[in-house]
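Topology and contacts: notes
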Amino acid sequence: MARGDKPQRRRRVDGEASRTRILDAATEIASERGYEGASIALVSAKCGLPASSIYWHFKDKDDLIAAVIERSFAQWLSAWQMPTEGTGRERMVAVAMQIAKALLDAPDFLRLGLMLALERRPVEPRARAMFVAVRDQAFETLTPAIRDLAPGLTDAQVYQLATYAIAGADGLFVAKEIGGDSIDLPALFEMHATALYDSAVRMVAESE
């Protein structure tokens with residue numbers, strides 16, 4: 001029985017390795033060329049596997065690009081988790097540093113996701129829906145953390161601050177993409193976190 005299981009385990013390992021190669025290639029191509037510029041043929045040439053192998057793992061290009069987004073989901077979402085120790089300002093800055101590091105380590109996720117988000121089509125690809133869903137979960141992770149940092153905020157204020165936090169992260173990432181090495185992304189995220197926390201404190205003070 002154990003001897004018979006070995007070929008099956010070997011095939012599973014080989015299949016997982018092939019899937020990773022395909023996703024790595026698709027990530028690189030899509031982040032450079034966008035959704036429309038990516039193709040199964042280009043991914044095949046990049047990863048060195050035949051198109052038939054790609055179609056064995058993924059139904060079509062949209063399914064493949066959605067998988068690229070999904071693979072980065074856990075890392076992106078974990079970056080938005082608020083630490084439990086420190087002052088409110090320190091905890092907000094810590095989250096900002098986590099997000100900055102995640103973007104520096106794996107920029108392809110947000111680069112591709114923003115391309116998809118900004119492109120409008122009669123029928124939206126599943127990959128775009130996947131990216132929007134990931135952002136929605138980041139938003140849902142952030143809102144209770146903001147409420148905890150600054151008790152007294154209204155629901156509308158929490159929503160506004162969370163929207164500002166994510167929009168600011170998008171903008172800083174775009175600035176890094178344009179400015180390259182001249183942009184100190186962690187320093188800008190620290191500034192953004194401080195502004196966000198100060199805005200929350202001010203909102204509470206004004207409502208008292």
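To keep things clear, this report deals only with the structure shown in the data block. (Residues numbered from 1 in each chain as written. Predicted model: local features only at pLDDT ≥ 70, side-chain atom pairs only at ≥ 80, totals over all residues. Heavy atoms only, no water.)

Turning our eyes to something else, we now look at the overall build of the protein. Each helix and strand counted, the protein has ten helices and zero strands in total. The secondary structure elements of the protein, listed N-terminal to C-terminal, are α-α-α-α-α-α-α-α-α-α. Across its three principal axes, the protein shows a C-alpha extent of roughly 70 × 45 × 35 Å. Relative to all contacts within the protein whose residues are 6 or more apart in sequence, the contacts with residues 24 or more apart total 65%. Taken as a whole, the protein presents about 11,300 Å² of accessible surface, with 55% of it coming from carbon and sulfur. With 25 positive and 29 negative side-chain charges, the protein shows a spacing of 9 Å between the two charge centroids. (Helix = DSSP H or I, 4+ residues; strand = E, 2+ residues; numbered from the N terminus. Contact = heavy atoms within 4.5 Å. Areas by Shrake-Rupley, 256 points an atom, 1.4 Å probe, with all protein chains shown as cover. Lys, Arg positive; Asp, Glu negative; His and termini not counted. Charge placed at Lys NZ, Arg CZ, Asp CG, Glu CD.)

Another aspect to go through is empty space enclosed by the protein. Per the stated rule, a full pass over the model turns up two cavities of 30 Å³ or more. Looking at the largest cavity, its volume works out to about 90 Å³. Around the largest cavity, the lining residues are W80, M92, V95, A96, I99, L142, A165, A169, F189, H192, A193 and L196. Of the residues belonging to the lining of the largest cavity, the class tally is eleven nonpolar, one polar and no charged. By volume, the second largest cavity amounts to about 40 Å³. Along the walls of the second largest cavity sit S72, Q75, W76, A102, L103, A106 and F109, which together make up its complete lining. Mapped by element, the contributors of at least two residues to the lining of the second largest cavity are α5 (73-78) and α6 (88-105). By residue class, the composition of the lining of the second largest cavity is five nonpolar, two polar and no charged. (1 Å grid on protein atoms, 1.4 Å probe; cavity = no way out; pocket = protein on both sides within 12 Å on 5 of 7 lines; lining within 4 Å. Points joined across faces, edges and corners; volume = space filled by probe spheres on them. Nonpolar A, V, L, I, M, F, W, Y, C, P; charged D, E, K, R; others polar.)

A separate point is the layout of surface pockets. The computed volume of the largest pocket comes to approximately 230 Å³. A117, R128, F131, V132, R135, D136, F139, Y159, T163, I166 and A167 together form the lining of the largest pocket. With six residues, helix α8 (residues 126-149) is the single largest residue contributor to the lining of the largest pocket. Partitioning the lining of the largest pocket into residue classes produces seven nonpolar, one polar and three charged. D24, T27, V68, I69, R71, S72, Q75, A106, D108 and F109 together form the lining of the second largest pocket.

Everything listed is a geometric property; what it means functionally is a separate question.
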